[in-house]
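Spelled out, the chains give:
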Amino acid sequence: VQLQASGGGLVQAGGSLTLSCAASGRTFSDYSMGWFRQAPGKEREFLAAISWSGGSTYYADSVKGRFTISRDNAKNTVYLQMNSLKPEDTAVYYCAAPPRDDPISSVIFGHGSGIRYWGKGTQVTVSS
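Residues numbered from 1 in each chain as written. Predicted model: local features only at pLDDT ≥ 70, side-chain atom pairs only at ≥ 80, totals over all residues. Heavy atoms only, no water.

Draft legend 1. Expanded view of the environment of A13. Locating A13 in the fold gives a position in the loop between β2 (9–12) and β3 (17–23). Its relative accessible area of 42% is what places A13 among the partly exposed residues. Spatially, the C-alpha atoms of A13 and S84 are 7.0 Å apart, while their sequence positions differ by 71 residues. Among all residues touching A13, those that are not within four sequence positions of it are L85, P87, V126, S127 and S128. (Helix = DSSP H or I, 4+ residues; strand = E, 2+ residues; numbered from the N terminus. Buried < 20%, exposed > 50% of the residue type's maximum accessible area, 1.4 Å probe, protein only. Contact = heavy atoms within 4.5 Å.)

Laid out in structure tokens, this is it:
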């Protein structure tokens, strides 16, 4: 599966952005999906994961309550709604998928080691 993230940009602190990740292929619904980010000089950070059906979601503590992951399998797209943005949210954001049929835990644990497919990142900059 090929992934393409979009929707990044410049936003003021306290603002909102919604990232989208479009996936190619006809088996999108067979993949758990996730979002990661990487800020300059920092390690890649897991943010959120969603199961094949969308019935299960999981968030890192750093974004819980502010970010929401969702998916539309009919559109082969996963979203990340980001609210109450902070300057420390500034980073390149990546959507990602583990191998087909792997469970959501493959996204959540291992700092991305379970990921097989990475999308090109989209820059999010939050100004203070």
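Continuing now.
Draft legend 2. Geometry of the sheet that holds strand β8 (residues 77–82). Reading across from one edge, β1-β3-β8-β7 is the order of the four strands in this open sheet, with antiparallel pairing throughout. The strands lining the two open edges of the sheet, one partner per strand, are β1 (3–6) and β7 (67–72). The mean inter-strand angle of the sheet, taken between neighbouring strand axes irrespective of direction, is 15 degrees. Bridge analysis of β1 against β3 gives four bridges, and the strand direction is antiparallel. The residue of β3 that forms the bridge with A5 is C21. (Pairing = 2+ DSSP bridges. Axes fitted to C-alpha atoms, helices over the stretch in contact; angles between N-to-C directions.)

Draft legend 3. Quick peek at the state of the cysteines. One pass over the structure, following the stated rule, counts one disulfide. With a sulfur-sulfur separation of 2.1 Å, C21 is cross-linked through a disulfide to C95. Here the S-S torsion is close to 60 degrees, and the disulfide linking C21 with C95 is therefore right-handed. Of this pair, C21 sits in strand β3 while C95 is found in strand β9 (residues 91–97), placing the two residues 74 residues apart along the sequence. Look at C95 and you get buried, because its relative accessible area is 0%. (Disulfide = S-S within 2.5 Å.)

Draft legend 4. Just the packing of aromatic side chains, in detail. As enumerated under the stated definition, the model contains five aromatic pairs in all. Aromatic side chains Y31 and Y117 sit 6.0 Å apart centroid to centroid with 80 degrees between the ring planes, which places their arrangement in the edge-to-face category. Remark: Y117 occurs in strand β10 (residues 117–118) and Y31 occurs in the loop between β3 and β4 (33–38); sequence separation between them is 86 residues. When its relative accessible area of 7% is taken as the criterion, Y31 is described as buried. Taking 6.2 Å as the distance between ring centres and 35 degrees as the angle between the ring planes, the aromatic pair formed by F46 and Y58 counts as tilted. Pair noted here: F46 is in strand β5 (residues 45–50) and Y58 is in strand β6 (residues 57–59), with a separation of 12 residues, a long-range link. Among the aromatic residues, those joined into a ring-pair cluster are F36, F46, Y58, Y94 and W118. Cation over ring: R71 sits above F28, and NZ or CZ is 4.4 Å from the ring centre. (Phe/Tyr/Trp six-rings, centres within 6.5 Å; stacked < 30°, edge-to-face > 60°. Lys NZ or Arg CZ within 6 Å of the ring centre and 35° of its normal.)

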